[in-house]
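# Chain and residue survey
In case you want the letters, here they are:
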Amino acid sequence: MKTELELNEMILGITNKIREANPEILKKLNEMPITVPYKENPEITVETLTTYYDSLVVILDEFVKGTENKNLNQVDYVPAAEIIAMELDNSYQNLKIEINNCTISYYDAGEGEIPVIFLHGFPFDKSMWKGQLDKLKSLIRVIAYDIRGFGESTDEYTPLSIDLFSEDVVSFMDKLKIEKAIICGLSMGGYIALNVMKRYPQRFEALILCDTQCIADTDAVKENRYKTLDQIKLNGIADFGEKFSKSVFHRDSLVNKIEVYENLRSVVFANSIDIITNGLKALAERSENCSGLNAIRIPTLIICGKEDEVTPVVQSEFMHEHIEGSTLRIIDNAGHVSNLEQPKEFNKYLLEFLNSLNAVNIIT
């Protein structure tokens, strides 16, 4: 009997085979109204994964044989009792792979030679990018993954660092046989993006920095992080979770976008004390990346909420001034999570930037 991880590896393998050898099938796969199900804490059974994998084998086999594949438009591969209902626009393959002694959970949708890889902020997970994946998946391959220890990715106890997260990005790309990518990071995801760009510049086609900064923590900020860490160890994450969840939103969002706020708040509170404290240490001990900005020679988009109090606009302006040829977009009525608060405007800037790249095989 195959394990869940082994089956997800098999699904990844056959999906990559289809993408490389028979990309014309991908459109059919994307039209299937069921796939590996995802919701908060989903129960994904080995039987479901086995049946889904078997359906991919059948599709590929029948296509290669040149037979009329009526099954491509059928939805009865997976028994209804095993499927968790979900909206089509939020249905992704929720896959898992093993890298660097941890299991990484990720979404993978759409097609294209050079994918966009989305990195979430602290202490969030890959679900914060659903609005961008929904918008882009018909145009380009999009991937969002849970950073080690967060969301459904494992490893809450290894000492964390931005360097380690960066190594994970490259290992993740290697495992998926992605030679080059467009990397997009928000907040902590932006720290990782800048770090990995500095160390592995040849692996990236373009850079998108969202509500982030290049500076390291000042002594005062670092001291406050460690005070917060001590308070969490003593009293739990309730007080931290409430304050932090509110701090990342514009005041209007807390009144007019309650559902968005509550969704992100639930993600924050889903984290264990261990991952919150380890994550705070990683943020406190990170190195600055400002000195390397002038070495960035790829197209760069910088987006920031106008009322971002966590990584203020002045930090985005500094990066814009020091990254040659970069584009800066400021979003009104948005705080630190501008992609969630103003998704329409955020996606507009994202699409404009992607369409400006001189790589017609990325978006057609």
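This text follows the structure it describes.
Residues numbered from 1 in each chain as written. Predicted model: local features only at pLDDT ≥ 70, side-chain atom pairs only at ≥ 80, totals over all residues. Heavy atoms only, no water.

## Let's talk about unusual backbone geometry
Going from Phe122 to Pro123, the amide bond is cis rather than trans, its omega being -10°. Within the secondary structure layout, Pro123 lies in the loop between strand S3 (116-119) and helix H4 (130-136). Phi at Asn101 takes a positive value of approximately 65°, unusual for a residue other than glycine. Among the structural elements, Asn101 can be located in the loop between strand S1 (93-99) and strand S2 (102-109). (Helix = DSSP H or I, 4+ residues; strand = E, 2+ residues; numbered from the N terminus.)

## A word on the state of the cysteines
Here a disulfide denotes one covalent bond, and it connects the sulfur atoms of two cysteines. Inspection of every chain in the model, using the stated rule, returns one disulfide. A sulfur-sulfur separation of 2.1 Å characterises the disulfide bridge that pairs Cys214 with Cys290. With the S-S dihedral at roughly 90°, the linkage between Cys214 and Cys290 falls on the right-handed side. Residue Cys214 is found in the loop between strand S6 (204-210) and helix H7 (219-235), and its partner Cys290 is found in the loop between helix H11 (273-284) and strand S7 (300-305); the two are separated by 76 residues along the sequence. Per residue, the accessibility class of Cys214 equals that of Cys290, and both read buried. Between Cys184, a free cysteine, and Cys210, which holds the nearest cysteine sulfur, the sulfur-to-sulfur gap is 3.7 Å. (Disulfide = S-S within 2.5 Å. Buried < 20%, exposed > 50% of the residue type's maximum accessible area, 1.4 Å probe, protein only.)

## A look at the pairing of strand S8 (residues 327-331)
Here five bridges tie S7 to S8, and the two strands are oriented parallel to one another. Paired with Gly305 across the two strands is Ile331, which belongs to S8. (Pairing = 2+ DSSP bridges.)

## A look at helix H10 (residues 258-269)
If you check H10, its first and last C-alpha atoms are 16 Å apart, about what twelve residues at 1.5 Å a residue would give, namely 16 Å. By the burial criterion, the buried members of H10 are Tyr261, Leu264, Val267 and Val268. Looking straight down H10, one finds that the buried residues subtend no more than 125° of arc, so they occupy a single side. Check the buried side of H10 and you find it contacts helix H8 (238-247), helix H9 (251-256) and helix H13 (338-341). (Expected span 1.5 Å × (residues − 1). Arc of directions from axis to C-beta. Contact = heavy atoms within 4.5 Å.)

## Structural notes on the packing of H8 against H10
For any two helices packed against each other, one specifies the inter-axial angle together with the distance between the axes. Contact pair H8 / H10: the axes reach a minimum separation of 10 Å and the direction vectors enclose 145°. The element H8 and its partner H10 pack so that their crossing is right-handed. Along the contact surface, H8 presents Ala238, Gly241, Glu242, Ser245 and Lys246, while H10 presents Tyr261, Arg265, Val268 and Phe269. Tallied by class, residues from the contact of H8 with H10 come to four nonpolar, two polar and three charged. (Axes fitted to C-alpha atoms, helices over the stretch in contact; angles between N-to-C directions. Left-handed = near helix turned anticlockwise from the far one by under 90°. Nonpolar A, V, L, I, M, F, W, Y, C, P; charged D, E, K, R; others polar.)

## Considering the side chain of Asp108
Inspection of the secondary structure puts Asp108 in strand S2. A polar atom in the side chain of Asp108 sits 2.8 Å from the side chain of Arg141. (Polar contact = N/O pair within 3.5 Å; in protein donor to acceptor, adjacent residues only side chain to side chain.)

## Some points on empty space enclosed by the protein
As enumerated under the stated definition, the model contains one cavity of 30 Å³ or more in all. A volume near 40 Å³ is recorded for the largest cavity. For the largest cavity, the full set of lining residues is Ile162, Tyr191, Gln213, Cys214, Ile215, Arg286, Ser287 and Asn289. (1 Å grid on protein atoms, 1.4 Å probe; cavity = no way out; pocket = protein on both sides within 12 Å on 5 of 7 lines; lining within 4 Å. Points joined across faces, edges and corners; volume = space filled by probe spheres on them.)

## Some remarks on the pairing of S6
The buried count for S6 comes to six of seven residues, which makes it a mostly enclosed element. In terms of strand pairing, strand S5 (residues 181-186) meets S6 through six bridges, oriented parallel. From the neighbouring strand, Cys184 faces S6, where its bridge partner is Ile208. By the bridge criterion, four bridges tie S6 to S7 in an arrangement that is parallel. Bridge pairing links Cys210 to Ile303 in S7.

## Comments concerning the packing of helix H5 (residues 162-175) against helix H6 (residues 188-199)
It is at 9 Å that the axes of H5 and H6 come closest, and there the two elements cross at 70°. Our classification of the angle between H5 and H6 gives roughly perpendicular. Where H5 crosses over H6, the handedness of that crossing is right-handed. Note on element contacts: H6 touches H5 through Met188, Tyr191, Ile192, Asn195, Val196 and Arg199, opposite Ile162, Asp163, Phe165, Ser166, Glu167, Val169 and Val170. Among the residues making up the contact of H5 with H6, the classes are represented as eight nonpolar, two polar and three charged. (Parallel < 35°, antiparallel > 145°, perpendicular 65-115°, else oblique.)

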